[in-house]
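# Structural description and commentary
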Amino acid sequence: MNLEPINNSLSQLRVLRSSVGQLFDTLGTGVRADHGEDGKEQKFLQELQELLNSVNANLKDFESCINDLVPPQTPLNLANSAYLSLETNLERQALYPHLVQSYKWHDKLHEYSTFASTLLQQNSLKRSYYTNTKRRRSLPSSHLATPQMVENLIGSIHYNNMNLKIARPFMTNAILHITIARVLRAAVILKGLLIEWVTVKGYEESLLDGVDEQWTESRYQVFRKVQDHAHSAMLHFFSPTLPELAIRSFITWFRSYVTLFADPCKKCGKHLHNTLPPTWRDLRTLEPFHEECKQ
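Figured I'd write up the structure that's included with this text. Bear in mind the structure is a predicted one, so any value in this text is a computation, not a measurement.

Turning next to the overall build of the protein. Across its full length, the protein holds 7 helices and 6 strands. In sequence order, the protein lays out its α and β elements as α-α-α-α-α-β-β-β-β-α-α-β-β. Taken over 295 residues, the protein has a buried fraction of 28%. Here the protein displays about 20,800 Å² of accessible surface, and carbon together with sulfur accounts for 54% of that area.

Next comes the structure, spelled out in structure tokens:
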């Protein structure tokens, strides 16, 4: 349905109402002070004549717009909304004008959306329909490493005075048992190629007898200190994207404890401090320090 003639008629009707309103305002106020003293009646009549001519012109334009309207061939199907105009309740009579207004806004919305769709389809930059082609970063899968990958990695690491042995009491996840000379033993619990826990004990303490031994701490304070430092190193070397490098770096750092009871502290030069040897190893240089001297 073409709504342009109807919109033109409504526009002309608003103009006509405005001109008629100006005419009645002028008649209501009568002669004003701005007409002056000389010939004020003549000026007032001239103003009324101009307003009447304006009303007459607007009325002719409105009549021409009405004549351009084409009556519908068939009656409009208003469905159940037609009964709103027959409502006798004063509170419900206001629903019909609001419904008609909502229809008008719906028609305008449909018209504007059609124009907007046409303009957006002609836009070569496609800013509103930009497709992000950036690839998502792949999720780390180092915790899903196969047992053969773990075996190959540990088998490729060889150091003097260090023995590496893999056990699998938890089926797929492995426990790496490390023995450094006759100094200490350690159990490194792995989940794939990620280090989850490290237990450090003395060389004479039991570590291979059962699963519970992997979690209990040493009865010696010096090895409990080394275990705390091993956890710090485990977090420092953690790398889910390069798990092989993380394990190699941790084992290289841990091997530096072969001189746990031999090398003095690099800062104070003493072997013992508070009855303990240098239990900390620098993460880069592997130099020994007492826990109080590493700061």
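Okay, back to it.
A word on the packing of helix 1 (residues 4–29) against helix 2 (residues 40–68). Where helix 1 contacts helix 2, the axes come no closer than 9 Å and their chain directions differ by 160 degrees. Classified by the angle between their axes, helix 1 and helix 2 sit roughly antiparallel to one another. Read as a crossing pair, helix 1 and helix 2 show a hand that is left-handed.

So, on to the nonpolar core. Among the nonpolar cores identified, the biggest contains 34 residues, and Ile178, Leu184, Phe250 and Phe254 are the most heavily contacted of them. Of all the elements in the fold, those that place two or more residues in this core are helix 5 (147–155), strand 1 (162–170), strand 2 (173–180), strand 3 (184–191), strand 4 (194–202), helix 6 (221–236) and helix 7 (243–255). Ranked by the residues each element gives to this core, the list is headed by helix 6, at 6 residues. The contact partners of Phe254, leaving out residues within four places of it in the chain, are Ile178, Ile180, Leu184, Ala186, Val200, Val226 and Ala230. With 7 residues, the next largest nonpolar core counts Leu23, Phe44, Leu51 and Phe62 among its residues.

Our next topic: the sheet that holds strand 2. Ordered by their spatial adjacency, 4 strands build an open sheet running 1-2-3-4, and the pairing between neighbours is antiparallel. Only two strands of the sheet have a single neighbouring strand rather than two, namely strand 1 and strand 4. The mean angle between the axes of side-by-side strands here comes to 20 degrees, regardless of whether they run parallel or antiparallel. Direction of pairing for strand 2 relative to strand 3: antiparallel, over a ladder of 6 bridges. Residue pairing across strands places Ile180 opposite Leu184, the latter belonging to strand 3. Strands in contact with helix 5 are strand 1, strand 2 and strand 3; relative to strand 1, the strand with the most contacts, it is inclined by about 165 degrees.

This brings us to the environment of Phe62. Of note, Phe62 is situated in helix 2. When the C-alpha atoms of Phe62 and Ser11 are compared, they prove to be 8.8 Å apart, with 51 residues separating the residues in sequence.

For the rest of this paragraph, the subject is the state of the cysteines. Per the counting criterion, the structure on display carries 0 disulfides. Not engaged in a disulfide, the cysteine Cys265 finds its nearest cysteine sulfur in Cys268; these two sulfurs lie 3.7 Å apart. Judged by relative accessible area, which is 31%, Cys268 ranks as partly exposed.

Turning next to unusual backbone geometry. A positive phi is found at Asn274, a non-glycine position, where the angle reads about 55 degrees. Note on placement: Asn274 falls in the loop between helix 7 and strand 5 (280–281). On the basis of relative accessible area, Asn274 is assigned to the exposed category, the value being 53%. A positive phi angle is found at Thr275, which is not glycine, with a value near 65 degrees. For Thr275, the location among the structural elements is in the loop between helix 7 and strand 5. Accessibility expressed as a relative area gives 69% for Thr275, which makes it exposed.

Taking burial as the measure, the 8 residues of strand 2 include 7 buried ones, the bulk of the element. Where strand 1 meets strand 2, 7 bridges bridge the pair, whose relative direction is antiparallel. Counted as the bridge partner of Phe170 is Asn173 from strand 2. Between the end of strand 1 and the start of strand 2, which pair antiparallel, lie 2 residues, with Met171 showing a positive phi angle near 65 degrees. What sits between the antiparallel neighbours strand 2 and strand 3 is a turn of 3 residues, in which Ala181 has the positive phi angle 45 degrees.

What counts and what doesn't
- Residues numbered from 1 in each chain as written.
- Predicted model: local features only at pLDDT ≥ 70, side-chain atom pairs only at ≥ 80, totals over all residues.
- Heavy atoms only, no water.
- Helix = DSSP H or I, 4+ residues; strand = E, 2+ residues; numbered from the N terminus.
- Buried < 20%, exposed > 50% of the residue type's maximum accessible area, 1.4 Å probe, protein only.
- Areas by Shrake-Rupley, 256 points an atom, 1.4 Å probe, with all protein chains shown as cover.
- Axes fitted to C-alpha atoms, helices over the stretch in contact; angles between N-to-C directions.
- Parallel < 35°, antiparallel > 145°, perpendicular 65-115°, else oblique.
- Left-handed = near helix turned anticlockwise from the far one by under 90°.
- Core = buried A, V, L, I, M, F, W, Y, C linked by side-chain atoms within 4.5 Å.
- Contact = heavy atoms within 4.5 Å.
- Pairing = 2+ DSSP bridges.
- Disulfide = S-S within 2.5 Å.

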